[in-house]
Amino acid sequence: MRTRATAAAVLGALAFSALAVPSAQAAGSVSTSGTPYTLNVSFSNFKIAKSVKVGVGGTVSTPVSFTLTHGSDVKVTAGDFFVEPFLYRGTFGDDSTPQLFGDDFATCKVTTSTTESCTATIDIRPGDGDLLNSQAGTWKAGADAVAFNGQDPTSGQIDYSKVGYKEQGGLASTLVQRLAKLTVNAGPEPVTKGRTVTATGKLTRADWQSHTYKAFAKQPVKLQFRRAGTSTYTTVKTVYSDAYGNVKATGTATYDGYWRFSYAGVTTTAPVSATGDYVDVK
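Procedures and definitions
- Residues numbered from 1 in each chain as written.
- Predicted model: local features only at pLDDT ≥ 70, side-chain atom pairs only at ≥ 80, totals over all residues.
- Heavy atoms only, no water.
- Helix = DSSP H or I, 4+ residues; strand = E, 2+ residues; numbered from the N terminus.
- Buried < 20%, exposed > 50% of the residue type's maximum accessible area, 1.4 Å probe, protein only.
- Polar contact = N/O pair within 3.5 Å; in protein donor to acceptor, adjacent residues only side chain to side chain.
- Pairing = 2+ DSSP bridges.
- Disulfide = S-S within 2.5 Å.
- Salt bridge = Lys/Arg side-chain N within 4 Å of Asp/Glu carboxyl O.

Enquirer: How would you sum up the side chain of Ser 262? Please name residues and give values.
Expert: Within the fold, Ser 262 resides in strand S20 (residues 257-263). The buried category is assigned to Ser 262, whose relative accessible area is 12%. Of the polar contacts made by the side chain of Ser 262, one reaches the side chain of Ser 273; its length is 2.8 Å.

Enquirer: Tell me about the pairing of strand S18 (residues 234-240), and please be specific about residues and values.
Expert: Examined bridge by bridge, strand S17 (residues 220-227) and S18 share six bridges and lie antiparallel to one another. Note on S18: the bridge partner recorded for Phe 225 is Thr 234.

Enquirer: So what about the state of the cysteines? Which residues, and what values?
Expert: Scanning all chains against the criterion turns up one disulfide. The disulfide that involves Cys 108 links it to Cys 118, with 2.1 Å between the sulfurs. Negative torsions about the S-S bond denote left-handed disulfides, and the value of about 110 degrees found for Cys 108 with Cys 118 makes this one right-handed. Separated by 10 residues along the polypeptide, Cys 108 in strand S8 (residues 107-110) and Cys 118 in strand S9 (residues 115-124) bring together distant segments of the chain. Assessed through its relative accessible area of 24%, Cys 108 is described here as partly exposed. On the basis of relative accessible area, Cys 118 is assigned to the buried category, the value being 0%.

Enquirer: Could you give me a rundown of the pattern of salt bridges, with the residues and numbers involved?
Expert: Per the stated rule, a full pass over the model turns up three salt bridges. Across the pair Asp 207 and Lys 214 runs a salt bridge, and its minimum N-O distance is 3.6 Å. Overall, the relative accessible area of 9% leaves Asp 207 in the buried class. For Lys 214, a relative accessible area of 42% corresponds to the partly exposed category.

Next comes the structure, spelled out in structure tokens:
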């Protein structure tokens, strides 16, 4: 699980997030004292997509937005004031809870004397071990803010009593889902009107730990048909994928058109529909 690479790793010893720490500090030469005080800020109006579909490689970035409300004593425009959103799965505040962050801090714009409108992205890299298969499903959103108040977090000399920090969870929720793939091949082509069309395909989904797509067994998959010249698919029947993810179903050839398989998805796995396969009816 990738940890925060942004503003408060300096506060990592106290379970806070943050700025990359120089190698000298990482070697144990950091001199710290005091305890951070609770920063007078809060977060609200958090917006995120209902679901985030994640495959086996690359970077999946999901945009978020939220409102930061702060007291008059907080210098939100200072160069050492940082805000970042994150996702977590499990209990908020538990050190063992998996978390996902963005590569950059949020960008915030002043809207009133006590509020800012913030935007950011949360970046997921499944190929780097960001996710386990067991972590698919509902994740909750949170955000934090840190004010160093003139202290240099890279100096190795930190008086935490002068550092303000606040994090807040339960701001929103989203589904982080394993990306699914579905194929179809329908035939014979062409087919005589009234005869049987047979469609075969395979349902697989991302395995975040092996970084490959593996069979998704015992799942309901719909065989659907769309007549040529129309835009709507109609369900013909529902079948189930076998132990290897294979699906097979038959229908009656009545009109020229497209045959496909469609999977509605579950909490852990995204819905997917195969690209329709055209069959000419003679």
